[in-house]
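Chain by chain, the residues:
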Amino acid sequence: MVRAGRWVAILFGMFAISGAAWAQTQATRPERYLFEAANRERRAVGLPPLKWNEPLAIAARVHAKEMAHQNTVSHRLPGEAALPGRAAKAGAHFSWLSENIVQSRDAAGAHSQFMKSAAHKANLLDADMNAVGIGVVERHGQLFVVEDFAQRK
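Anyway, here's the lowdown on the structure attached to this text. (Residues numbered from 1 in each chain as written. Predicted model: local features only at pLDDT ≥ 70, side-chain atom pairs only at ≥ 80, totals over all residues. Heavy atoms only, no water.)

1. Some details on helix α6 (residues 107-116)
- Restricting attention to buried positions, one finds in α6 the residues Ala107, Ala110, His111, Phe114 and Met115. Projected down its long axis, α6 carries its buried residues within an arc of 135°, all on one side.
- Tucked into the core, α6 has its buried residues touching α3 (29-44), β2 (96-104), α7 (118-124) and β4 (142-151).
- Two to three positions downstream of the cap, the backbone nitrogen of alanine 108 sits 3.4 Å from a side-chain oxygen, assigning the N-cap of α6 to aspartate 106. (Buried < 20%, exposed > 50% of the residue type's maximum accessible area, 1.4 Å probe, protein only. Helix = DSSP H or I, 4+ residues; strand = E, 2+ residues; numbered from the N terminus. Arc of directions from axis to C-beta. Contact = heavy atoms within 4.5 Å. Polar contact = N/O pair within 3.5 Å; in protein donor to acceptor, adjacent residues only side chain to side chain.)

Have a look at this one:
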């Protein structure tokens with residue numbers, strides 16, 4: 001017989017990134033929320049969880065910062081490399097990439113918008129993807145959110 005306390009420990013161990021792994025990242029609270037929300041959605045449809053990838057997160061943060069600076073949401077801004085170039089520059093190694101971007105008042109709203117968009121939801125639930133980096137930058141009460149997904153080499 002498994003006690004309730006053990007189930008909590010087992011579930012936490014299965015679904016949460018370890019404290020040591022988080023300690024090695026610069027992930028903000030909204031970034032962590034979005035990471036955990038993405039993996040909840042994936043588990044709900046029987047997909048394996050995404051692994052946090054710090055180089056992808058660096059690329060996502062740089063892009064989110066630029067979107068906030070320009071106060072616009074776009075996959076590519078003037079003078080900026082496309083996603084593969086941004087990810088490679090940050091040190092990510094990948095076979096395939098995709099990206100979700102949005103502007104929202106909070107992380108829960110951003111996740112909700114992603115799940116209501118067929119294209120964004122497809123990126124999040126892509127069975128070929130196994131890693132993610134998330135960047136969130138706040139400007140004037142708005143969050144600029146970038147989720148970069150990858151199939152790691």
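2. Here we look at the pattern of salt bridges
- A complete count under the given rule lists four salt bridges for this structure.
- A salt bridge links arginine 86 to glutamate 99; its shortest N-O distance comes to 2.6 Å. Residue arginine 86 is located in helix α5 (residues 83-89), and its partner glutamate 99 is located in strand β2; the two are separated by 13 residues in the primary sequence.
- Look at glutamate 99 and you get buried, because its relative accessible area is 7%.
- Salt bridges linked by common partners bring Glu31, Glu54 and Arg61 together as one network. (Salt bridge = Lys/Arg side-chain N within 4 Å of Asp/Glu carboxyl O.)

3. A closer look at the nonpolar core
- Of all hydrophobic cores here, the largest spans 22 residues; its most connected members are Leu34, Ile134 and Val145.
- Counting only elements with at least two residues in this core, the list comes to α3, α6, β3 (131-139) and β4.
- Apart from residues no more than four positions distant in its own chain, valine 145 is found in contact with Leu34, Met67, Asn100, Ile101, Val102, Ala110, Phe114, Gly135 and Val136.
- Within the second largest apolar cluster, nine residues are counted, among which are Ala64, Ala68, Leu77 and Ile101. (Core = buried A, V, L, I, M, F, W, Y, C linked by side-chain atoms within 4.5 Å.)

4. What to know about the packing of aromatic side chains
- Under the definition given, this model contains one aromatic pair.
- A ring pair is formed by phenylalanine 35 and tryptophan 52, whose centres lie 5.5 Å apart and whose planes are at 85°; its orientation type is edge-to-face. Pair noted here: phenylalanine 35 is in helix α3 and tryptophan 52 is in strand β1 (residues 51-52), with a separation of 17 residues, a long-range link. No difference in accessibility class separates phenylalanine 35 from tryptophan 52, as the two residues are buried.
- The residue whose ring lies beneath arginine 40 is tyrosine 33, and the NZ or CZ to ring-centre distance is 5.9 Å. (Phe/Tyr/Trp six-rings, centres within 6.5 Å; stacked < 30°, edge-to-face > 60°. Lys NZ or Arg CZ within 6 Å of the ring centre and 35° of its normal.)

5. With respect to the side chain of asparagine 39
- Along the chain, asparagine 39 turns up in helix α3.
- What asparagine 39 contacts, discounting residues up to four positions off in sequence, is Pro49 and Leu50.

6. Regarding the packing of α3 against α6
- At their nearest, the axes of α3 and α6 sit 9 Å apart, and the two run at 35° to each other. Handedness of the α3/α6 crossing: right-handed. For the pair α3 and α6, the contacting residues are Pro30, Tyr33, Leu34, Ala37, Ala38 and Glu41 in the first and Ala107, Ala108, Ala110, His111 and Met115 in the second.
- Broken down by class, the residue content of the contact of α3 with α6 amounts to nine nonpolar, one polar and one charged. (Axes fitted to C-alpha atoms, helices over the stretch in contact; angles between N-to-C directions. Left-handed = near helix turned anticlockwise from the far one by under 90°. Nonpolar A, V, L, I, M, F, W, Y, C, P; charged D, E, K, R; others polar.)

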